Amino acid sequence: MKSESEKSVRTKKEDRKTSIMQTALKLFSSEGFYTTTMPAIAKKVGMSVGNFYNYFSSKDELAKEIMLYISSVLGEQLREINMSEKSVREKIDMIVKMYFRIAQERPELIEYFLRIFLSNREIFTKSCSGMVCVSDFVTELMLFFDDGVQSGVLKDQDFFSALGLFMGYLGGMVFLNGEEVLPQPLHDYESAIAENIYNALRKQ
Amino acid sequence: MKSRPKLLWLQGVTCNGNTHSFLNYPHLSYILETFEFLYHPILPATYTLEKIASCTQSCDILIFEGAYDPRMMRAGSRMETLVQHYGSTANTIIAVGSCASFGGMFKQSDPEYITGVGFDREIAKGPFAKSNKLINLSGCPIHPEWLGYTLRMIADNKVILIDEMHRPKELYAYLAHHGCTRNEYFEWKVDAEHFGTKEGCLFYKQGCRGPMTHASCNKILWNDVSSKTRIGSPCFGCTEPDFPRTNMFETKTNMSIPQDVPLGISKRSYLTLTGIAKSFRIPRLEKRLIDDNT
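Since the structure is predicted, the reported quantities are computational estimates derived from the model, not experimental observations. (Residues numbered from 1 in each chain as written. Chains lettered and ligands numbered in written order. Predicted model: local features only at pLDDT ≥ 70, side-chain atom pairs only at ≥ 80, totals over all residues.)

## Some details on the pairing of strand E6 (residues 92–96) of chain B
Residue and element names in this part refer to chain B. Of all the 5 residues making up E6, 5 are buried; the element is thus mostly covered by neighbouring parts of the structure. Both faces of E6 are covered, namely the face carrying Thr92, Ile94 and Val96 and the face carrying Ile93 and Ala95. Bridging between strand E3 (residues 61–65) and E6 involves 5 bridges; their strand directions are parallel. Across the sheet, residue Ile61 finds its bridge partner in E6, namely Thr92. Where E6 lies against strand E9 (residues 134–137), 4 bridges are found, and the strand directions are parallel. Paired with Ile93 across the bridge in E9 is Leu134. (Buried ≥ 20, exposed ≤ 12 C-beta atoms within 10 Å, placed from the backbone. Helix = DSSP H or I, 4+ residues; strand = E, 2+ residues; numbered from the N terminus. Pairing = 2+ DSSP bridges.)

## Brief notes about the interface of chain B and chain A
The interface of chain B with chain A comprises 13 residues on the first partner and 18 residues on the second. Here the side of chain B that touches chain A takes 7 residues from helix H9 (residues 267–278) of chain B, the largest share from any one element. A per-class count over the side of chain B that touches chain A returns 4 nonpolar, 6 polar and 3 charged. (Contact = placed C-beta atoms within 7 Å. Nonpolar A, V, L, I, M, F, W, Y, C, P; charged D, E, K, R; others polar.)

## Some points on the sheet that holds strand E2 (residues 36–39) of chain B
Residue and element names in this part refer to chain B. One open sheet holds the 5 strands; their spatial order is E2-E1-E3-E6-E9, and the pairing between them is parallel. Each end of this open sheet is capped by a strand with a single partner; those strands are E2 and E9. Taking each pair of neighbouring strands and ignoring which way they run, the sheet shows an average axis angle of 25°. Note that strand E1 (residues 6–11) and E2 share 3 bridges and pair parallel. Of the residues in E2, the one forming a bridge with Lys6 is Glu36. Sitting on the sheet, helix H4 (residues 79–89) is in contact with E1, E3 and E6, with an inclination near 160° to E1. Against the sheet, helix H6 (residues 144–155) makes contact with E3, E6 and E9, and its axis sits at roughly 155° relative to E9, the strand it touches most. (Axes fitted to C-alpha atoms, helices over the stretch in contact; angles between N-to-C directions.)

## Some remarks on the domain arrangement of chain A
Residue and element names in this part refer to chain A. As far as domains go, chain A holds domain 1 (1–57) and domain 2 (58–201). Spacing between the C-alpha centres of domain 1 and domain 2 amounts to 26 Å. At the junction of the two partners, domain 1 supplies 11 residues and domain 2 supplies 13 residues. Looking at which element gives the most residues to the side of domain 1 that touches domain 2, the answer is helix H1 (residues 4–31), with 7 residues. (Domains from an automatic or database assignment.)

## Looking at the packing of helix H9 (residues 159–178) of chain A against helix H10 (residues 190–201) of chain A
Residue and element names in this part refer to chain A. The geometry of H9 relative to H10 is characterised by a closest axis approach of 10 Å and an angle of 165° between their N-to-C directions. Here H9 lies roughly antiparallel to H10, going by the angle between them. Considering how the two elements wind past one another, H9 and H10 form a crossing that is right-handed. Here Ala162, Leu165, Phe166, Tyr169 and Met173 of H9 lie close against H10, whose contacting residues are Ile193, Ile197, Ala200 and Leu201. Of the residues in the contact of H9 with H10, the class split is 9 nonpolar, no polar and no charged. (Parallel < 35°, antiparallel > 145°, perpendicular 65-115°, else oblique. Left-handed = near helix turned anticlockwise from the far one by under 90°.)

Next up, the structure:
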């Protein structure tokens, strides 16, 4: 059994790792993945390069851990929505609002997913293939769809067709917002988008 | 000579499947020597059905095969009367097959009246509901060894531990998944695309209920060599109270997500595990292990 002090050291190391990932995320998001170096991240977090490698053995390792972290943050939010007693229609509203809120408050999370994870697959093919790094988030979406079909509200169809419609739509809107193409603030579109998603997925 | 325990085999609404299955029991001669068969639909017995129906005899073991319909007539007597009489004299009542245990297939013909002798699906109901004399041997049909085991335990005066559905734990504590030769495919989520192949897991598309069915079919093999899953057919969950379900050759999914997941695991945990396992490609499991065409 681990002693209290060992646990405390472990917790501190985990906290430090999370803090590094948050800083790295912002740098990757603003400077780009390939142009951001490990020493640059170490400098930003105030750490020697040697010590930095105690936390992440390579940039690819860091990239993978960041994706797992984002998936876990989004998955946790989705889990709360799934566990609530709301209707499927209300849950769609909540998911759209949650996603756009995170895109506004912590844009680097969504940016990383769209611009780095999806756009630079070569970084992730070895250790992050398939669902490995996004399973927290995707599992919650599966549970949401499963519940929607079982309760007779959503149409039974292929999972990826529904996933693409839902998350592709939200990702696309966040992308357009990031490109400053949208004439209105993102949250102005929430209710129309939620309604469109509901209409597209519901049982006719 | 010591008198032998008296055994009565009564039939309700049945297809005779359990009677026929039990004829394959390799130690049948031991059973015939150990027990006195008062009546059996096929095997030599002491009395005729007419004599049994007069309710003038008593038995030590009552074996009931088929679904229970109290209104059914047997040689001029109501089933309700026969069951009450012989059930009260017996020390042990064995329901053989899923119809006798839970209503099974024949319950479909008259769901309001027809039940098992101690359960209606999973609810305790029927003439022997909550009776501590009742042992359920569910299955469609039962494996001959399951009844053989039960009778030999009784003959040896040994205690048979039962689960909440009155099934012997020795036979039903396991899942049909236990001992399945396709477990490697289940672990890595590789589907069987067709029936009858040696490769692939039957759970994802073909309707296999092995991971949620209490049965020892892959532990005590049929004819000592086989089981449904070994020949490439899905387990239909025939030992469970909800048998028969509909669309038994299909896995019910909602947006490609299985509605039912293996027993005892939350859907959230199962989907997490599945998503990750599916991410690994294992070429060895994606092709035929033995391809006769090359």
